[in-house]
Amino acid sequence: MTEAGENGPRISVVMATYNGATHIREQLDSLAAQTCLPAELVVTDDGSTDATLDIVADFARTAPFPVQIHRNAKRFGYKGNFMHAVSLSSGDLISFCDQDDFWKSDNLERVRQAFMNDPDVLMVFHNAHLVNEGRAPISPFYATPPVPPVSRPLTLQPWCFSYGFMQTFRADLKPAGALWARMGDHYNPGKEMGHDLFFFLVASGVGTIVYLDEELTEYRLHGGNTVGSGKRTKPTFVDRWRYRLEDRADTYRYLARMTAQDSRMFADLAQTPSWSETMRNRARVAAEAWRGLEPLYLLRAEVCSGTLPRRIAAFVQLVREGGYSERSFWTFGNRAMYKDFALGVVLAPLVRRFGRESSRTDRACHRGSAHDVPVSQVAPVQAVAA
């Protein structure tokens, strides 16, 4: 068993708790059984009324690593509670931990190694296995890998993210947390951005993200999950066509607002004094990239909802501005062009009337395959203060 911080970066495990007495001891014991022990466990409790904190305190007396226990003076909600826990951590790496899951014994060892292999890696996430309340297996969380094994800055689909229980990131990203409170969620209008989505977004813009296709966590499904997931399977033929026939005009307008928000965030991050010049330069590039998406999404909304002359004009402008070209930084691609012409320019009134309401996602937008990556984006990240 490797001691915390031995021959590598120190890992802080941060756990946001709230009435988790039923399953938390099992999770805590799985942390104590890690082949690479964390340097610390930071527990922030959001006002539990059950025995959660008693169980954590009992565990802390014999834990093979320090355990910080914090009772929040006010309720943060689970997103804010995790952000609070991050702010209290002191490790080189920060790993989110749910109160009701179960970690495989080599979780932290496998994740830490991925950081040690490449100093440019700012986030590592991994696969998991869905289990029921008694930990009987259900299915892998990801039926197929959601992203490539290694993703350099701004190469992922802009709306991509991973869940917190499978995430670990460098403490270099902690200064970005000061901007979290102003960030609206990409998928839920009127809600604050998820803690996990936030750090994934920042990492994807200024560093490299590594995905390990290994089921290092058991994600427990039970009646009290704050965020749950059913059995994960590949989309069926019917699923794909339902997605294509959604009324997406309002989604594109909402995503346009989100691109403007994210652009402003990266522009502000470019001024982060503790970051290296490389990371600040990457933040500037990210701000420009997100800013360029806003007018394209507004044009797509017009293609899906305007009068026929306006739909035609918006479609032509999208083509001219490279909205469907693989030579663009981010593109909707040729298939989206055919879809927009058929279901937007030609059939928009019917889709608006009979199509089902759209989710706040866009699977089409991706990095253009022919776009060269600026040298400033791929230069190794130098060490920065956490």
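Above this text you will find the structure in question.
In this text, all values refer to a predicted model and were calculated from it rather than measured experimentally.

As a further point, take the pattern of salt bridges. Under the defined criterion, the tally for this structure stands at 19 salt bridges. When the shortest N-O distance is used, the salt bridge between Arg284 and Glu277 registers 3.4 Å. On the basis of relative accessibility, which here comes to 32%, the residue Arg284 falls in the partly exposed class. Close ionic contact of Arg300 with Asp340 constitutes a salt bridge, the shortest N to O distance being 2.8 Å. Taken as a pair, Arg300 in helix α8 (residues 277–305) and Asp340 in helix α10 (residues 333–346) lie far apart in primary sequence, 40 residues in all. Exposure class is identical for Arg300 and Asp340. Each is buried. Overlapping salt bridges bring together Arg25, Asp29, Asp58 and Arg61 as one network.

A few words on unusual backbone geometry. Phi at Asn19 takes a positive value of approximately 45 degrees, unusual for a residue other than glycine. One can find Asn19 in the loop between β1 (11–17) and α1 (24–32). Backbone geometry places Arg135, a non-glycine residue, at a positive phi of 70 degrees. Secondary-structure assignment places Arg135 in the loop between β6 (121–131) and β7 (137–140).

In this section: the packing of helix α9 (residues 308–320) against α10. Contact geometry for α9 and α10: axes closest at 10 Å, N-to-C directions at 165 degrees. Here α9 lies roughly antiparallel to α10, going by the angle between them. The hand of the α9/α10 crossing is right-handed. In this structure, α9 contributes Leu308, Arg311, Ile312, Phe315 and Val319 to the contact, and α10 contributes Met337, Asp340, Phe341, Gly344, Val345 and Val346. Across the contact of α9 with α10, the residue classes tally to 8 nonpolar, 1 polar and 2 charged.

What follows deals with the environment of Asn117. Structurally, Asn117 can be placed in the loop between α4 (107–116) and β6. Looking at Asn117, the relative accessible area reads 58%, which means it is exposed. Engagement of the side chain of Asn117 in a polar contact is seen with the side chain of Gln113, the distance being 3.0 Å.

Side chains of Phe341, Val346, Leu347, Leu350 and Phe354 sit close together on the surface and give an oily, nonpolar patch of about 490 Å² of accessible area. Breaking the nonpolar patch down by element, the ones donating at least two residues are α10 and α11 (348–354). Within the secondary structure, Phe341 is located in helix α10.

Let us look at the pairing of β7. Where β6 lies against β7, 3 bridges are found, and the strand directions are antiparallel. By the bridge assignment, Leu130 is partnered in β7 with Ser139. Where β6 folds back onto β7 in an antiparallel hairpin, the turn is made up of 5 residues, including Arg135, whose phi is positive at roughly 70 degrees.

Conventions used here
Residues numbered from 1 in each chain as written. Predicted model: local features only at pLDDT ≥ 70, side-chain atom pairs only at ≥ 80, totals over all residues. Heavy atoms only, no water. Salt bridge = Lys/Arg side-chain N within 4 Å of Asp/Glu carboxyl O. Buried < 20%, exposed > 50% of the residue type's maximum accessible area, 1.4 Å probe, protein only. Helix = DSSP H or I, 4+ residues; strand = E, 2+ residues; numbered from the N terminus. Axes fitted to C-alpha atoms, helices over the stretch in contact; angles between N-to-C directions. Parallel < 35°, antiparallel > 145°, perpendicular 65-115°, else oblique. Left-handed = near helix turned anticlockwise from the far one by under 90°. Contact = heavy atoms within 4.5 Å. Nonpolar A, V, L, I, M, F, W, Y, C, P; charged D, E, K, R; others polar. Polar contact = N/O pair within 3.5 Å; in protein donor to acceptor, adjacent residues only side chain to side chain. Patch = residues over 30% accessible without salt bridge, like charges linked within 9 Å, V, L, I, M, F, W, Y side chains within 5 Å. Areas by Shrake-Rupley, 256 points an atom, 1.4 Å probe, with all protein chains shown as cover. Pairing = 2+ DSSP bridges.

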